Amino acid sequence: MMELREMMARHARNGRVDWIGVRPGRREDMRVVEGAEIDAAGLAGDHGRPGKRAVTLVQAEHLGVIGALLGREAVDPALLRRNIVVSGLNLLALKGRRVVVGSAVLEVWGPCPPCSRMEEVLGRGGYSAVRGHGGVYASVVAPGAVLAGEAVWPEG
């Protein structure tokens, strides 16, 4: 019988970068990019800063869930203000682990709660719709570059 630790480390497949966005400044509109350099402060062109929240990621699969909770189609990832949309990999299962994103290595610290702005951009119930579906925040372990379409996988 497989140990719980071993099962928790296994993933069915690699994920994929579906979308990349940067926030040039606080409360400024997201700018969609095809690729970005990632250093200790996060993605180039983003107003992030070094530390546990340098990069934010959200699962593509959750965009439809948030939309469904609001009674509409999947939400535009730019509205959530996360940097990278990943499909095919459970990001919450990576908490406390390192993940390779393009040529960069990130360490996932935990779930990224919604900000109060979600009510403003998504409408009534926006904040609650994002709760539990807002993605994760991560620090940069090794700088590198990321392009839309590249694989994402747990290190090791």
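For the structure itself, consult the block above.
The structure reproduced in this document is the subject of the present report. (Residues numbered from 1 in each chain as written. Predicted model: local features only at pLDDT ≥ 70, side-chain atom pairs only at ≥ 80, totals over all residues. Heavy atoms only, no water.)

### Side note on the overall build of the chain
This is how it is decided: Numbering goes from the N terminus for both helices and strands, where a helix is a DSSP run of H or I of at least four residues and a strand is a run of E of at least two. Here, residues are in contact when the closest pair of their heavy atoms is within 4.5 Å. The charge count includes Lys and Arg as positive and Asp and Glu as negative, but it does not include His or the ends of the chains. Every charge is mapped onto a representative atom, which is NZ of Lys, CZ of Arg, CG of Asp or CD of Glu.
Within the chain one finds 5 helices and 11 strands. Contacts in the chain between residues at least 24 apart in sequence constitute 73% of all its contacts with a sequence separation of at least 6. Positive and negative charge centroids in the chain, built from 20 and 17 side chains respectively, lie 7 Å apart.

### A closer look at the state of the cysteines
Operational definition: Disulfide assignment relies on a single distance test, namely cysteine sulfur atoms paired within 2.5 Å. Relative accessibility under 20% of the residue-type maximum defines a buried residue, over 50% an exposed one, and the middle range a partly exposed one, all with a 1.4 Å probe and only protein chains included.
Tallied over the full model, the rule gives 0 disulfides. Cys112 supplies the cysteine sulfur nearest to Cys115, a cysteine that is in no disulfide, at a spacing of 8.8 Å. You can call Cys115 partly exposed: its relative accessible area is 36%.

### Observations regarding the pattern of salt bridges
Going by this rule: Within this document, salt bridges are pairs made up of a side-chain nitrogen of Lys or Arg and a carboxyl oxygen of Asp or Glu, the two lying within 4 Å of each other.
Counted according to the given criterion, the structure contains 4 salt bridges. Two residues, Arg23 and Asp46, come together in a salt bridge whose shortest N-O distance is 2.6 Å. With Arg23 in the loop between strand 1 (15-22) and strand 2 (31-33) and Asp46 in the loop between strand 4 (42-43) and strand 5 (55-59), this residue pair connects regions lying 23 residues apart in the sequence. Asp46 sits in the buried class, given a relative accessible area of 11%. Ionic pairing is found between Glu120 and Arg117, a salt bridge with its closest N-O pair at 3.9 Å. Of this pair, Glu120 and Arg117 both sit in helix 4 (residues 117-122), separated by 3 residues, roughly a single helical turn.

### Some remarks on the pairing of strand 6 (residues 84-87)
Across a regular strand the side chains alternate sides, sitting on one face of the sheet and then on the other. The following threshold applies: A strand pair is defined by DSSP finding two or more bridges across the two strands.
Taking every second residue as pointing to the same face, both faces of strand 6 are buried, with Ile84 and Val86 on one and Val85 and Ser87 on the other. When strand 1 meets strand 6, the two strands line up antiparallel, connected through 4 bridges. Note that in strand 6 the partner of Arg16 across the bridge is Ser87. Pairing geometry for strand 5 and strand 6, over 3 bridges, is parallel. Looking at strand 6, one finds that Leu57 is bridged to Ile84.

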